[in-house]
Every structure is written in C-alpha cells, then in structure tokens.
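Analysis of the macromolecular model
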Amino acid sequence: MESSSENLVKALLRNPSSIKTKSQAKQLHAQIVKTRGSRSVSLATIILGVYSDLNLLKESLQVFNNFPYAPTKAWKSVVRCYSCNGYFRDSLACFVEMRGWGKLPGRDVFPSVVRACTHLKELRVGESVHGCVIRFGMESDLYTGNALMNMYAKLQVSSHDCDVFDGIPQSNRFTSCRSSLVTDNNVYGVVQDSEIGIDDIGQLPVLYQETRNELIRSEKSHFDSSSGRRVKDATGLNSVSKIFQMMPIKDVVSWNTVIGGNVQSGLYEEALERLREMSNANLKPDCFTLSSVLPVFARHVDVSKGKEIHGYAIRQGFDRDEFIGSSLIDMYATCTRVEDSYRVFNLLPEKDDVSWNSIIAGCVQNGTFDEGLRLFRQMLAANVKPVEVSFSAILPACAHLTTLHMGKQLHAYIIRMGFDQNMYIASSLVDMYAKCGKIMTARWIFDRMEVHDSVSWTAIIMGYALNGHAQEATILFENMQRDSIKPNAVAYLAILTACSHAGLVDEGWNYFTSMSRYGVSPHIEHYAAIADLLGRAGRLMEAYKFITDMPIKPTGSIWATLLSACRVHKNVELAEKVAKEMTTADPGNMGPYLLLSNMYSAAGRWKDASKLRSNMKKKGMRKPPACSWIEVRNQVHAFLSGDASHPYYDQIHEALRDLYERLKQEGYVPETSEALHDVDEEQKSDMLYTHSERLAIAFGIISTPAGTTIRITKNLRVCVDCHTAIKFISKIMGREIIVRDNSRFHHFEDGNCSCGDYW
C-alpha cells in the first residue's frame, strides 16, 4: 500500500503548477530523491521545470548539471530561467549549445531567446533566431510573434543595414556584458555568479562567443527561403508590421507593440489607425495602449482628442494609473494646459518619481518657474528621490529666475548623487550658470564634460553670446564644427545673437547665409536676429528692407526689434512707419505704443506722447512696470521704479543720495532725456535715480559685505542713464555688478561694461 507521501508526490507530479513557493519545490525535490532516487531523467526534468517556473536559477542549474545527457525540456527550462533572471547572455549561450546538441526548440523557448536578444541589443542574432522560428513553423505562435515585434520595434535600424547577413562582425560583442549584467542584478536583487556556481555550468558564455556566428550562418539559408523573404528585407517598424499581419491571433500585447512602434517612429496617423482597428477587433485598449497614444495628441497639440482618451481612461478606471497619469500630465502640459496637468497630478492616489517629474517639467516648460521649484521642494519633502531627469527638468527654472543660490544647491546635490557626468544634466548646468552670469563656471563644467553634443555646444555658445563675449562664442562655434557636430537651428540662433550683441554685421550675415549649406532652414527667430543685427548697427533702412523682403510674413516681434533700434538711433520718422506695421501684424501688442510714446517724450513731442497714451487707455492697455530683483541671503527682493514700500527704503534712499553725490564728483551727468515725463530737469533727475535697478543695487550695497558681487535681474531694457550710472557705481564701490535685462547680461567692473556700450 502506497504511503501518503508517495500519493502526495504523485499528485504534485501530475500538476507541477500547483507548487507556488521555493520551500514547496525543495520539499518535493527532497521527497523524490528520498523515495525514488536521483537517477530518473523524467523526474529530474519535472523538478527542473518546477524550479525554472519559480525563477530559481541556482536550483535549476544544480539539477541541470547532474544530467549526463540533458533532454530537450531541460534545455528549454534553463534557457527560460536564465532569461527571466536577467542573465540574457547566458540564455543565448545556452540556446546556442542546445542547438549544437541537435535539440529542437519550440514555442515555449523562443519568446525567452528573442527577449534576450532585445535586452542585449543583438539584432543580428535576433534575426537569426527569427529564421529559426520560421524554419520550425512557429511564426504563427502568439507569444513568439509578440516577442519578435517587440525586438524589431526596440532595435530599429536604418535602411542601409537591411541586408542583415552581409559583413557579420567576427569580434565578440559581449566583452562588456558581464559588468552590465552584475549592475542589473544588483538593481533587481538577482543572486551573484559566485552564489549560483556560474563556473560549473559548462562555460556557456565561452561556448556562446565561439558559436554565435555559426548560429547565424546555420540559419541564414532558412531566413533566405521563400517564407523567410517575407521579413528579410524588412527591419525595424516594417518588420513589426509584417509580423503583425502574418499573426493569425492577436492579443492586446500585439496591438500595443505595433501601436507603440508607430509612435516611436513618428508615424502618428498610422498609430491612431491601428488604435481604431484594435477597437473594431473587439479588444479594449489598456493602460499601455493609452500611454502610447497620448504623446501623439501632445505632439499635434490636439487637446480635444487627448480629452477623449482621458474620458475613456476615466470610464475604464485607468485614470489613476501612474503611467496613464504621467502621460496625461505630459499631454496637457505640451498643449499649454498646465492647470489641467496639475488637476490630473492631484487626483493620482500614488505619485512616483515619473509623475512628479512630469508635473515639474510641465510647469517649467510653460513658464511657471516658481511653481516648478515649489513642486520640486514638495517632491523632496515627500521622500521621492530625484533621478537624472528631475534635474534636467528643474535647472531651467533656476536659469530663467536667475536663482543662483538654488542652482548651486542643486549642483551640489547632483555631485553627491553622481549625476554630474550625465550629458543632459551637465548641459543644463552650463545653461543655468551662464544665464545667472557665471560664464566662467559654465565654461569649467563644459570643459569637464567627456562628450559634447549639439545641446552642450549650443548652451555654452549662447551663454557667451548673452554675456557679451562674442569672440569666444565664434571660436566655440568653429570648434563645434571641427568636432564634427553639425550646427542646428538653435546653434545658429546662438551665434547670430552673439554677432548681434557685438555689432559683427559681416560675420553675422555670413553665418546666416551659410545655414543652407548645413540643410538648416531659417526660422522666424533667425530673421529676427538679422533684423536686430542690422538695427543695432544703425543700418535701419537696410533692416527695414530685409524685413519687408522676407520669404515669410513678418511677425510683431521682428518689427519690435527694428522699432527698438529706431529708438536707440532716434529715428522717429522710421519708427512711426515701423509701429504701423507692427500694430497690423500684432494688433493686441502694446509694445509699439510704448516705444513710440517714449520716443515722442525723448524728442520733446509731449502732445504726441500724451495722445498715444490716451489711445492705450481706451484700448485697455497698461504699461508693465519696470521691476528689478536681487537675491540676498537666499531671499529674493523685488523693486519697482519709484517704489518706497520696501522695509529698508529709508536706508536705501540714504545710500542712493550718497551715491548720487559721489557720482557727480566723478563726472556723472544725468541723461534726463530718459525721464519720459514733461517735468523740469531737477524732477527728471530725481526720477532717474529711483529707477528699479538703482534701488536694487543700493539695497545690495547696504546688505552685503564690501567686494561682494551684486546680481540684478530686470524685466525691461536698461536705460542709457542707468547704464552710465552703474559704470560709475562699479568704479566708486569697487564692486562687480551684473545686470541681466530682457535681452542680455551687462557685467560692470571698474567703470566699464562687458557690452562695450553697445546694446
């Protein structure tokens, strides 16, 4: 009579899937060895399958290594177990040896092998495995087809690589895989090689390296057969589509793969068509489907269709999923609906680093920089650890707000996290320091970067341009080309800005005309830069003709650059003509009214100025007040022109009076034409010395130790009189004063300015 334990063993062997834990599997294994011995190949194969299904690699290998001649099922179990545990190289090596022993693969092993090829980015081996799939008639298998589509979608190659069997490399492409394998294992908690006895598994990595090309050659003829030709000439997305079409049965994963591949390749209309076909096939889109198509509507700025997807997600209960939530946040933010992004974010029951980074990036991209910084602090308070993309998202906020102290804190955090060699973060740091006036720090970071891409080159070139160092900007632009980096539209805008701020008219024009040689079409910003270049140089009529002859319709911003130049060069007649063009191009813009009114005031045409201001009032237009900011002891202080509301105003006023007397002793004479009111000269002088930037500078002087650099940000252009006065102040006080106005930086030191009085 059989014992109860024997009956239990039989029952478990008839249904191995009922074993759910490592402990149960080991107990079964021990009972088999105790009652039936360890020589039964069939029983060993079953227990190996149990270990493999539970992803117990160490135990699987111990059983496998005891086979004198392992059966096919045992090989398949080990191939799958390697792949499931992240040992993709060993999975392929085991598959290669299995084929070398003449063992026939099947639908239960191909998905694991294809997955290994995908993770190792081994497209050529993957194509050979695809040939093996076709040879054994497995191309109609659902899971194998899904794995193949995923591989081709992720390992897309250009068309010139389509002949996959020409020039197969003979060198070992896995020489560095072990280090990455160990890194992945540390992340996912996989046991180390020393724990699983990796040296006792028959040297599978070596066998793989020696027979990899043999596998490719052995399957080449089958891949070239009539059935194989259906995919031979197709790589990347074309292969995905062909496999998809040949699959007799498709599940949601199949549709998600082909839709995701279309989105990644920029084939947005095709992706939406596939989505419609999926619905017609009576398959409901899931979270992955929706998160794939939402970027399509973001790219097309089609918020109405995005809302339809959002509504579907709510009805299906997907709206609180983290992936869907992050995709919705990105979609609304790209469509400039950041308030909707914020609502989606607040409704998420759990917020991971992806959702936090999405909302922070959305705020920064839409110009709500303070809100982005506030959310970043909230993320830290919520114990969500920042990742690389967190810093790439938030650093532009520091750059735009010129919050150098916050930028330095983030830089220190980046160094502690070991992210300082990340190319994107380093480029963001270059941009941040440059826009905070620390161009030498920006250059130091740039020089320490191991690799420079177009983003980092453009950031440093634009940094030098905005800080008044045109010569360095042009040298860097040439160095970028010698570094085999092709200038893009942003790089050209940077170099044109440098030329404009330095008056390098001929150089700027040469750069502009050279754009076509690099296949870069001028955008409206490039035309504006040339108009600004000519206008600043006083070539006003040439600039006017350039704008009217543009192949694209001039915008209000382009006319505004010329109107500003007319004000600098005091050409009221042309300014009236330009202002008329500007109001036609942009009727709601109050800029032409303000600039022309200021020009009338400067020319003493008070009646014309008053008439323009009356028209502005009738149209409901209000002049934005001049405002300047200074950061002192980690706190930002704002000043409006003539504002007496600051708590330290009395001390500021006293400091300004003292400065004014010392300025006059040094030879300073107020430029009263910059006081745009019909009052006497003494009142005009008083109005000038309470301009917002002077209030901020005086506060900086009384609030910081002697010799400290004073950094000011202003929302409007620095006037001529303030520019002159600040040069004197920098000399008298022995301070470096950095003023960032709405177009550039002015570095004042020892009575001079970096702009060379050309701005």
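So, how was this worked out
- Residues numbered from 1 in each chain as written.
- Predicted model: local features only at pLDDT ≥ 70, side-chain atom pairs only at ≥ 80, totals over all residues.
- Heavy atoms only, no water.
- Core = buried A, V, L, I, M, F, W, Y, C linked by side-chain atoms within 4.5 Å.
- Buried < 20%, exposed > 50% of the residue type's maximum accessible area, 1.4 Å probe, protein only.
- Contact = heavy atoms within 4.5 Å.
- Helix = DSSP H or I, 4+ residues; strand = E, 2+ residues; numbered from the N terminus.
- Pairing = 2+ DSSP bridges.
- Right-handed = clockwise from strand over helix to strand, strands pointing away.
- Disulfide = S-S within 2.5 Å.
- UniProt positions renumbered as here; feature names shortened; annotations may be inferred.
- Salt bridge = Lys/Arg side-chain N within 4 Å of Asp/Glu carboxyl O.
- Expected span 1.5 Å × (residues − 1).
- Phe/Tyr/Trp six-rings, centres within 6.5 Å; stacked < 30°, edge-to-face > 60°.
- Polar contact = N/O pair within 3.5 Å; in protein donor to acceptor, adjacent residues only side chain to side chain.
- Axes fitted to C-alpha atoms, helices over the stretch in contact; angles between N-to-C directions.
- Parallel < 35°, antiparallel > 145°, perpendicular 65-115°, else oblique.
- Nonpolar A, V, L, I, M, F, W, Y, C, P; charged D, E, K, R; others polar.
- Left-handed = near helix turned anticlockwise from the far one by under 90°.
- pLDDT = per-residue confidence, 0-100.

Some words on the nonpolar core
- Ranked by size, the top nonpolar core spans 188 residues in total, and within it V129, M331, I460 and L562 carry the most contacts.
- Sequence-distant contacts of I460, defined by excluding residues within four places in its chain, comprise V430, I439, A442, R443, F446 and L476.

Observations concerning the pairing of strand β4 (residues 737-740)
- Here β4 shows no split at all, with I737 and V739 on one side and I738 and R740 on the other all buried.
- Inspection of the sheet shows strand β3 (residues 710-714) paired to β4 by four bridges, in the parallel sense. Within the sheet, the bridge partner assigned to I710 lies in β4 and is I737.
- You can see the chain leave β3, run along helix α40 (residues 720-733) and come back into β4, and the turn it takes is right-handed.

Re the state of the cysteines
- Per the counting criterion, the structure on display carries zero disulfides.
- Left unpaired, C436 is separated from the closest cysteine sulfur, that of C398, by 7.2 Å.

Things to note about the UniProt feature "repeat: PPR" (unreviewed entry) in the chain
- Here, the residues flagged by UniProt with the feature "repeat: PPR" (unreviewed entry) are residues 251-285, 352-386, 453-487 and 488-522.
- Taken end to end, residues 251-285 comprises 74% helix and 0% strand; its first and last C-alpha atoms sit 10 Å apart.
- End-to-end, the C-alpha atoms of residues 488-522 are 10 Å apart, and along that stretch the chain is 69% helix and 0% strand.

A short note on the pattern of salt bridges
- Taken as a whole, this structure holds 22 salt bridges when the rule is applied.
- Measuring nitrogen to oxygen at the nearest pair gives 3.1 Å for the salt bridge that ties R276 to E273. Pair noted here: R276 and E273 are both in helix α16 (residues 268-280), with a separation of three residues, about one helical turn.
- A residue is classified by how much of its surface remains accessible, and R276, at 43% relative accessible area, is partly exposed.

Looking at helix α3 (residues 41-53)
- Given a rise of 1.5 Å per residue, 13 residues ought to cover 18 Å, and the 18 Å separating the end C-alpha atoms of α3 matches this to within 8%.
- Of the residues making up α3, those classed as buried are L43, A44, T45, I47, L48, G49, V50, Y51 and S52.
- N55 occupies a position one or two residues after α3 and carries a positive phi of about 60 degrees.

Brief notes about the packing of aromatic side chains
- According to the stated counting rule, one finds 25 aromatic pairs in the structure shown.
- Note on F64 and W75: the rings are 5.0 Å apart at their centroids and 75 degrees apart in plane angle, and the pair reads as edge-to-face. Of this pair, F64 sits in helix α4 (residues 57-64) while W75 sits in helix α5 (residues 72-84), placing them eleven residues apart in sequence.
- Ring centres of F446 and W457 lie 5.0 Å apart, and the angle between their planes is 70 degrees; this geometry places the pair in the edge-to-face category. In this pair, F446 is assigned in helix α26 (residues 439-448) and W457 in helix α27 (residues 454-466), connecting sequence segments eleven residues apart. Summarising the burial analysis for this pair, F446 and W457 share the class buried.

Overview of unusual backbone geometry
- For T336, which is not a glycine, the phi torsion comes out positive at approximately 60 degrees.
- With respect to the helices and strands, T336 occurs in the loop between α19 (322-334) and α20 (338-347).

Observations regarding the environment of N598
- Along the chain, N598 turns up in helix α35 (residues 591-602).
- Residue N598 is classed as buried on the basis of its relative accessible area of 8%.
- The sequence separation of N598 and A609 amounts to eleven residues, and the corresponding C-alpha distance is 7.1 Å.
- One polar contact links N598 to R613, side chain to side chain, over a distance of 3.2 Å.

Here's the deal with the pairing of β3
- Most of β3 is tucked away, with four of its five residues classed as buried.
- Bridge analysis of strand β1 (residues 627-632) against β3 gives three bridges, and the strand direction is antiparallel. Among the inter-strand pairings, W629 is bridged to a residue of β3, identified as T713.

Some thoughts on the sheet that holds strand β2 (residues 635-640)
- Taken together, the six strands give an open sheet; going across it, the order is β2-β1-β3-β4-β5-β6, and neighbouring strands pair in mixed fashion. Every other strand in the sheet has two partners, leaving β2 and β6 (752-753) as the edge strands with one partner each.

A word on the environment of C722
- Along the chain, C722 falls in helix α40.
- In this structure C722 comes out as buried when scored by relative accessible area, which is 0%.
- When the C-alpha atoms of C722 and S692 are compared, they prove to be 9.7 Å apart, with 30 residues separating the residues in sequence.

Some words on helix α18 (residues 303-315)
- For α18, built from 13 residues, the straight-helix expectation of 18 Å at 1.5 Å per residue is met to within 8% by its first-to-last C-alpha distance of 18 Å.
- Buried within α18 are the following residues: V303, G306, I309, H310, G311, Y312 and A313.
- In this structure, the buried residues of α18 make contact with α16, α17 (287-299), α19 and α20.
- Just past α18, the residue G317 takes up positive phi, approximately 75 degrees.

Some remarks on the packing of α17 against α19
- Where α17 contacts α19, the axes come no closer than 9 Å and their chain directions differ by 10 degrees. In terms of their interaxial angle, α17 and α19 are classed as roughly parallel. Each of C287, L290, S291, L294, F297 and A298 in α17 lies in contact with α19, whose residues at this interface are F323, I324, S327, L328, M331 and T334.
- Considering only residue class, the contact of α17 with α19 consists of nine nonpolar, three polar and no charged.

Examining the packing of α27 against helix α29 (residues 489-502)
- For the pair α27 and α29, the least separation of the axes is 8 Å and the interaxial angle reads 15 degrees. With respect to their mutual orientation, α27 and α29 come out roughly parallel. The crossing of α27 and α29 is left-handed. Contacts between α27 and α29 involve T458, I461, M462, A465 and L466 from the first element and V490, A491, L493, A494, I495, T497, A498 and H501 from the second.
- When the residues that make up the contact of α27 with α29 are grouped by side-chain class, the tally is ten nonpolar, three polar and no charged.

Quick look at the confidence of the model for the chain
- On average, the chain scores 82 in pLDDT, and the residues at 70 or more come to 85%.
- Considering each helix and strand of the chain separately, the mean pLDDT is smallest for helix α10 (residues 177-188), with a value of 29, and largest for α26, with 96.
- Ignoring residues within four places in sequence, the model shows residues 675-684, a span with pLDDT below 50, making 17 contacts including any to other chains.

Regarding the side chain of K435
- Tracing the chain through its elements places K435 in helix α25 (residues 423-435).
- With sequence-adjacent residues up to four places away left out, K435 is seen in contact with A399, T402, R740 and F745.

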